[in-house]
Amino acid sequence: MEEKCGPAAICFVSFLPDILDSKAEGRNKYLEMLLSVAEKFKKDPYSFVWVAAGKQPDLEKRVGVGGYGYPAMVALNAKKGAYAPLKSGFEVKHLIEFVKEAKAGGKGNLPIDGTLEIVKTEAWDGKDGEVVDADEFSLEELMADD
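Residues numbered from 1 in each chain as written. Predicted model: local features only at pLDDT ≥ 70, side-chain atom pairs only at ≥ 80, totals over all residues. Heavy atoms only, no water.

## A short note on the pattern of salt bridges
Here comes step 1: Under the criterion given, the structure shown has four salt bridges.
Here comes step 2: Between Lys 103 and Asp 44 there is a salt bridge, with its nearest N and O atoms 3.2 Å apart. Here Asp 44 lies in the loop between α2 (19-40) and β2 (46-52) and Lys 103 lies in helix α4 (residues 92-103), a separation of 59 residues in the sequence.
Here comes step 3: Among the residues examined, Lys 103 registers a relative accessible area of 48% and is labelled partly exposed.
Here comes step 4: Note that Asp 58 and Arg 62 form a salt bridge whose closest N and O atoms lie 2.9 Å from each other. Pair noted here: Asp 58 and Arg 62 are both in helix α3 (residues 57-62), with a separation of four residues, about one helical turn.
Here comes step 5: A relative accessible area of 25% means that Arg 62 is categorised as partly exposed. (Salt bridge = Lys/Arg side-chain N within 4 Å of Asp/Glu carboxyl O. Helix = DSSP H or I, 4+ residues; strand = E, 2+ residues; numbered from the N terminus. Buried < 20%, exposed > 50% of the residue type's maximum accessible area, 1.4 Å probe, protein only.)

As structure tokens, then:
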């Protein structure tokens, strides 16, 4: 995050659905969309990064993303301590319009309180997610009268 967003005038951060929700195919479609948008603005001093839902709780909290509504995007200016959320659909035409608005000064910029705490995460391996089995319990145990 620091490497990509630090030198950028504006850093566009996308929050993509959990891999269990979108599967690899869905996530790859989102990444293709983001790459096509980034390509259109490659001459501008912008960065485009993405994180998986719930993996950066402090960032999500400070920019009003989280819990539901993925995918989402914010335009982040860490130097000015401000951000603006995408308020339209997560589609290429809306993302392009959002970047153009941010380029023109943005609409509805909001302050970021405090310093962002970014958690180091492992890179996505490009595969579908796996459900981790939790301790199972029987229906009888759940419905038992105690």
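## Considerations on the environment of Ile 112
Here comes step 1: In this fold, Ile 112 is placed in the loop between β5 (110-111) and α5 (139-143).
Here comes step 2: Considered as a pair, Ile 112 and Lys 80 are 32 residues apart in the sequence and their alpha carbons are 8.8 Å apart.
Here comes step 3: Beyond its immediate sequence surroundings of up to four residues, Ile 112 is in contact with Arg 62, Leu 76, Gly 81, Ala 82 and Tyr 83. (Contact = heavy atoms within 4.5 Å.)

## Here's the deal with the state of the cysteines
Here comes step 1: Taken as a whole and judged by the stated rule, the model has one disulfide.
Here comes step 2: Paired through a disulfide, Cys 5 and Cys 11 show a sulfur-sulfur distance of 1.8 Å. Across the pair, Cys 11 and Cys 5 agree in class, each one buried. (Disulfide = S-S within 2.5 Å.)

## Regarding the nonpolar core
Here comes step 1: In this structure, Phe 12, Leu 34, Met 73, Phe 90 and Leu 95 are the most contacted members of the largest nonpolar core, which totals 18 residues.
Here comes step 2: Of all the secondary structure elements, the ones that give two or more residues to this core are β1 (10-16), α2, β3 (72-77) and α4.
Here comes step 3: With five residues, the top contributor of residues to this core is α4.
Here comes step 4: Not counting the four nearest positions on each side in its chain, Phe 90 is found in contact with Ser 14, Leu 16, Tyr 30, Met 33, Leu 34, Pro 71, Ala 72, Met 73 and Leu 95.
Here comes step 5: Counting residues in hydrophobic clusters, the runner-up holds 14 residues, among them Cys 11, Val 13, Val 65 and Ala 72. (Core = buried A, V, L, I, M, F, W, Y, C linked by side-chain atoms within 4.5 Å.)

## A closer look at the packing of aromatic side chains
Here comes step 1: One pass over the structure, following the stated rule, counts five aromatic pairs.
Here comes step 2: Relative to Phe 48, the ring of Phe 12 has its centre 5.0 Å away and its plane inclined at 15°; by these criteria the two rings are stacked. Linking Phe 12 in strand β1 with Phe 48 in strand β2, this pair joins segments that are 36 residues apart in sequence.
Here comes step 3: In this structure Phe 12 comes out as buried when scored by relative accessible area, which is 0%.
Here comes step 4: The class for Phe 48 is partly exposed, based on a relative accessible area of 23%.
Here comes step 5: Between Phe 12 and Phe 98, the ring centres sit 6.0 Å apart and the planes meet at 75°, which makes this aromatic pair edge-to-face. (Phe/Tyr/Trp six-rings, centres within 6.5 Å; stacked < 30°, edge-to-face > 60°.)

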